[in-house]
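Results of the structural survey
Listed below, chain by chain, are the residues.
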Amino acid sequence: MRFDYHMHFEYGDYDATWVEGFFEAAKLHGLDEIGISEHTHTFPEFERLYYDDLILDASPVGEFQKVWLKTNKFKHTLKDYFDFMAQLRANHEVKIGIEVCNFKDQSAVTELLDAWDFDYRIGSVHFLWGWGFDASKLIDEWQRHNLRDVWEEYTAQVELMAGSGNYDILGHPFNVRLFRFFPDFDTMPYLERVAVALQKADMVVDVNTGTLYRYPVAEISPYADFMRVAATHDLPIVITSDAHRPEDCGKFYEEASAYVRSFGYKQIARFDKRRRELVDLT
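Anyway, here's the lowdown on the structure attached to this text. (Residues numbered from 1 in each chain as written. Predicted model: local features only at pLDDT ≥ 70, side-chain atom pairs only at ≥ 80, totals over all residues. Heavy atoms only, no water.)

Helix and strand counts for the protein come out as ten helices and nine strands. By the compact-globule yardstick of 19 Å for 282 residues, the protein fits well, its C-alpha radius of gyration being 18 Å. Once the C-alpha set of the protein is aligned to its principal axes, its extents read approximately 50 × 40 × 35 Å. For the protein, buried positions account for 57% of its 282 residues. A sequence separation of at least 24 residues applies to 77% of the contacts in the protein between residues at least 6 apart. Approximately 11700 Å² of the protein is accessible, and the part contributed by carbon and sulfur atoms is 49%. In the protein, the 30 positive side-chain charges and the 48 negative ones have mean positions that sit 1 Å from each other. (Helix = DSSP H or I, 4+ residues; strand = E, 2+ residues; numbered from the N terminus. Rg over C-alpha atoms; globule rule 2.2 N^0.38 Å. Buried < 20%, exposed > 50% of the residue type's maximum accessible area, 1.4 Å probe, protein only. Contact = heavy atoms within 4.5 Å. Areas by Shrake-Rupley, 256 points an atom, 1.4 Å probe, with all protein chains shown as cover. Lys, Arg positive; Asp, Glu negative; His and termini not counted. Charge placed at Lys NZ, Arg CZ, Asp CG, Glu CD.)

Either a parallel or an antiparallel arrangement is found when strands of a sheet pair, and the pairing is made through backbone hydrogen bonds. An order of β1-β2-β3-β4-β5-β6-β7 is seen for the seven strands of this open sheet, with the pairing classed as parallel. Only two strands of the sheet have a single partner each, and these edge strands are β1 (3-4) and β7 (237-240). Note that strand β3 (residues 94-101) and strand β4 (residues 120-124) share five bridges and pair parallel. Within the sheet, the bridge partner assigned to Gly97 lies in β4 and is Tyr120. (Pairing = 2+ DSSP bridges.)

All right, on to the nonpolar core then. The biggest cluster of nonpolar side chains holds 98 residues, and the ones touching the most others in it are Phe46, Trp151 and Phe226. With seven residues, helix α6 (residues 147-164) is the largest single contributor of residues to this core. (Core = buried A, V, L, I, M, F, W, Y, C linked by side-chain atoms within 4.5 Å.)

As paired strands, strand β8 (residues 267-272) and strand β9 (residues 275-280) are joined by six bridges and run antiparallel to one another. What sits directly across from Ile268, in β9, is Val279. Counted between consecutive antiparallel strands, the loop separating β8 from β9 contains two residues, among which Lys273 sits at a positive phi close to 55°.

Of note, the amide linkage connecting Ser221 to Pro222 takes the cis form, showing an omega dihedral of -5°. As for its position among the elements, Pro222 is in the loop between α8 (210-213) and α9 (224-232). In the Ramachandran plot, Asp202 falls in the positive-phi region, its phi being about 55° despite a non-glycine side chain. Within the secondary structure, Asp202 is located in the loop between α7 (188-201) and β6 (204-208). In this structure, Ala218 is a non-glycine residue whose phi angle is positive, near 50°. Among the structural elements, Ala218 can be located in the loop between α8 and α9.

With that out of the way, let us pick up α7. Along an α-helix, a turn takes 3.6 residues, which lines up residues three or four apart on a common side. In this model α7 runs 20 Å from its N-terminal to its C-terminal C-alpha over 14 residues, within 8% of the 20 Å that 1.5 Å per residue would give. Phi turns positive, to about 55°, at Asp202, one or two residues after α7. (Expected span 1.5 Å × (residues − 1).)

Before going further, it helps to spend a moment on the side chain of Glu33. As for its placement among the helices and strands, Glu33 is situated in strand β2 (residues 33-39). At a separation of 2.6 Å, a polar atom in the side chain of Glu33 contacts the side chain of Tyr5. Polar contacts involving the side chain of Glu33 include one to the side chain of Arg270, which spans 3.1 Å. Contact partners of Glu33, with chain neighbours within four places excluded, come to Arg2, Phe3, Asp4, Tyr5, Glu93, Lys95, Arg270 and Phe271. (Polar contact = N/O pair within 3.5 Å; in protein donor to acceptor, adjacent residues only side chain to side chain.)

What follows is about the environment of Ala25. Considering the arrangement of structural elements, one finds Ala25 in helix α1 (residues 16-28). With 225 residues separating them in the primary sequence, Ala25 and Gly250 have C-alpha atoms 6.8 Å apart. With near-sequence residues (within four places) excluded, Ala25 lies in contact with Pro246, Glu247 and Cys249.

Applying the stated criterion to the full structure yields 22 salt bridges. Between Arg121 and Asp114 there is a salt bridge; the shortest N-O distance is 2.8 Å. Shared partners join several salt bridges into a network, and the residues in it are Glu33, Lys95, Arg270, Asp272, Arg275 and Glu277. (Salt bridge = Lys/Arg side-chain N within 4 Å of Asp/Glu carboxyl O.)

Here's what the structure looks like:
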């Protein structure tokens, strides 16, 4: 079977005509099921957590992030989201997911998430020390950090998220490679720590093609070194597109399928009401 559980409506809106394109693209790629994973910055319920965690001072990072938080953010409530998804489910097989940033206050996240009946929850590291490291407009900030410190902090953030018990999937693992800042040190200790954290939390690896077509690294995440570690630890996987536009749903699914098979994977995870089953990969 084929699923794509990582995509967003943020570049459009809750408009059934525009959203129909996701389902059309899914058919082109032979997907059996898709799921939507709206970013938490869509929802005003999470607004305080962003303002608590992000750098918002007079520095270049702070000035950029202040504007970012005011641009196309916090425009739909969680109720709006579930109501719209209910409309879609009248005509389509679609799961309701969410992608949550690595907030410090995981107890607040628990309270917000547990109030809603999600099919799955993706936890993704998007901030390091309050810096949105995946923003191309902030690429200069990379020069101000030791890369070993970046990998250490990324790993610690995954461990924090996994330890919370809030998540089913780790989104785009090791996206600290996005801008081709590649380490010249042994990364195996970090890979192992992340794999162990996911194993303890019974979480799934998001094999994400978005980093292949949306970022300079131009590779499927996670990269091969971590895929080998994930396979050794028997971590389940999903294959996703991280589509932000309808036409990108299922993009490079075939390539991702071949990629995971090269590490011995023959099954993918399917979710329903946070219950997981493994099904054969086709």
